[in-house]
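# Structural description and commentary
Each chain, letter by letter, is given below.
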Amino acid sequence: MKPLERRVLDALPATVFAVDLDGRITLLNRSPSRFGQQDGAPPLPGGGAAIGASIWETIGDAGVKDQVRQALATLSEGRAPTASWEFDVGSAGAGRTLLVQASVLEDSRALVGYVFVVSDTTTRHKESDMPARHGHKRRSEAIGDVSAGVAQELRSPLFGISSAAQLLRFRVKDDPIVEKNVGRILREVERLNSVVAALLEYGRPTPLQLQPGDPDVVWDGVLEKQRGSMESRVLHLDRARAEPPVSCSIDAQQLAEVFLNVLGNAVDAAPEGGKLSLKSSLAPDGTWHCRLHNDGPAIPTDVLPRVFELFFSTKGATGIGLSLSRRIVEGHGGTLSLESTPAQGTAATIVLPPA
Ligand SMILES: Nc1ncnc2c1ncn2[C@@H]1O[C@H](COP(=O)(O)OP(=O)(O)OP(=O)(O)O)[C@@H](O)[C@H]1O
Ligand SMILES: [Mg+2]
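Residues numbered from 1 in each chain as written. Chains lettered and ligands numbered in written order. Predicted model: local features only at pLDDT ≥ 70, side-chain atom pairs only at ≥ 80, totals over all residues. Heavy atoms only, no water.

### Things to note about the packing of helix H9 (residues 252-269) against helix H10 (residues 321-331)
Between H9 and H10, the shortest axis-to-axis distance is 9 Å and the interhelical angle comes to 145°. Between H9 and H10 lies a crossing of left-handed hand. When H9 is examined against H10, the residues Gln 254, Leu 255, Glu 257, Val 258, Asn 261, Val 262 and Asn 265 are found in contact with a partner set consisting of Gly 321, Leu 322, Leu 324, Ser 325, Ile 328 and Val 329. In terms of residue class, the contact of H9 with H10 is built from seven nonpolar, five polar and one charged. (Axes fitted to C-alpha atoms, helices over the stretch in contact; angles between N-to-C directions. Helix = DSSP H or I, 4+ residues; strand = E, 2+ residues; numbered from the N terminus. Left-handed = near helix turned anticlockwise from the far one by under 90°. Contact = heavy atoms within 4.5 Å. Nonpolar A, V, L, I, M, F, W, Y, C, P; charged D, E, K, R; others polar.)

### A short note on the environment of Thr 346
For Thr 346, the location among the structural elements is in strand E12 (residues 345-352). According to the relative accessible area criterion, Thr 346 is buried, its value standing at 7%. Expressed as a C-alpha distance, the spacing of Thr 346 and Ala 270, which sit 76 residues apart in the sequence, is 9.2 Å. Excluding anything up to four places from it in sequence, Thr 346 contacts Leu 292, His 293, Asn 294, Pro 297, Ala 298, Ile 299, Leu 338, Glu 339 and Ser 340. There is a polar contact of 2.8 Å between the side chain of Thr 346 and the side chain of Ser 340. (Buried < 20%, exposed > 50% of the residue type's maximum accessible area, 1.4 Å probe, protein only. Polar contact = N/O pair within 3.5 Å; in protein donor to acceptor, adjacent residues only side chain to side chain.)

### Focus on the sheet that holds strand E5 (residues 110-120)
Taken together, five strands build an open sheet; the order of strands is E2-E1-E5-E4-E3 and the sheet is antiparallel. Edge positions in the sheet fall to strand E2 (25-28) and strand E3 (82-89), since each of these pairs with one other strand and no more. Strand after strand, the sheet turns through a mean of 20° between neighbouring axes, direction not considered. Two elements, strand E1 (residues 14-20) and E5, share seven bridges in a ladder whose sense is antiparallel. Of the residues in E5, the one forming a bridge with Val 19 is Tyr 114. Along the sheet, helix H3 (residues 62-76) makes contact with E3, strand E4 (96-107) and E5, crossing E3 at roughly 175°. (Pairing = 2+ DSSP bridges.)

### Brief notes about the site of ligand 1
Inspection of the region around ligand 1 gives 18 residues, with Asn 265, Ser 313, Thr 314, Ile 320 and Leu 322 positioned closest. Out of a free accessible area of 600 Å², ligand 1 has 88% covered by protein chains. Of all the elements in the fold, those that place two or more residues in the shell around ligand 1 are H9 and H10. Here the shell around ligand 1 takes three residues from H9, the largest share from any one element. Its residues assigned to classes, the shell around ligand 1 shows nine nonpolar, eight polar and one charged. (Near = heavy atom within 4 Å. Areas by Shrake-Rupley, 256 points an atom, 1.4 Å probe, with all protein chains shown as cover.)

Right under this line is the structure:
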């Protein structure tokens, strides 16, 4: 009977091997004859691996050899504690994607070699290629990380630009040209600051705090605040509330942001003097439905599928409103959709489940 460590190593659905500083294989978790079989352990590139064999002779592929060399250089120079990369083996379609992770092997803090773990990530890739929910989730998480990263990077330089512009305004008084341009700089900085805030919110969303509440009451607050923007465009609002009032599990603050976004879009799109209609109702299954409709030209059919994309905007805005709103509504277990036809104008529909 082999020792437990050996059995654990052999049971792993990955190929594990160690090499010494000369690149000689010192440990291998499966007998070489089993490599490449459909038993979960991915093949070693080139095959023919055996204890004592040189890794440089074992790996046939020049590209893989090169990547191993680079990884070992990174590890031996201490530039990173681990190195990993992926590569494809086999023919396209029938091929597999292997992930190699390498780390240093130390003995009393002295470098004695390297450990490699090769795992098969083919199925994971197939999942992320599918437009299925997990793939979608992983993609949006990645976008979220990038958004938060970019926002963090922009914060300090924006602060620097705004401080420098204010100093300039203070030092060069009574020069209308300087004053006008400093004003423009500060306005742009303010606009970028709101983009940064939206990016941060997108990248690191505030967790929802759900409590029973009536979404129509949330609408009341939003409409009250936006009365000025509707009046300035001479828009007439026709409103109907759900009867009897509905109780849903809501985060009133984040839901208000959603309503503000969809209302902002409708106000922007409606022609001056046009009509908005906001109708909420209680469906027989207990869900709350709300439809905000605006007049105006329909969204072109090639644009409509893109409106929920992050950073997609046809009005030179940030293009974050609908993607953020959809995420919040879906966090409530609801849906947010947009329909647009030349005959019927554009309508945003929000559905929320009962509390
Ligand atoms: N009610 C609407 N009528 C017509 N077009 C709309 C409507 N709502 C959204 N759109 C279209 O969808 C695009 C994306 O909307 P979204 O709210 O995500 O971004 P935005 O309004 O452009 O920018 P932001 O909301 O970040 O200020 C808009 O630029 C517009 O083209
Ligand atoms: Mg918007």
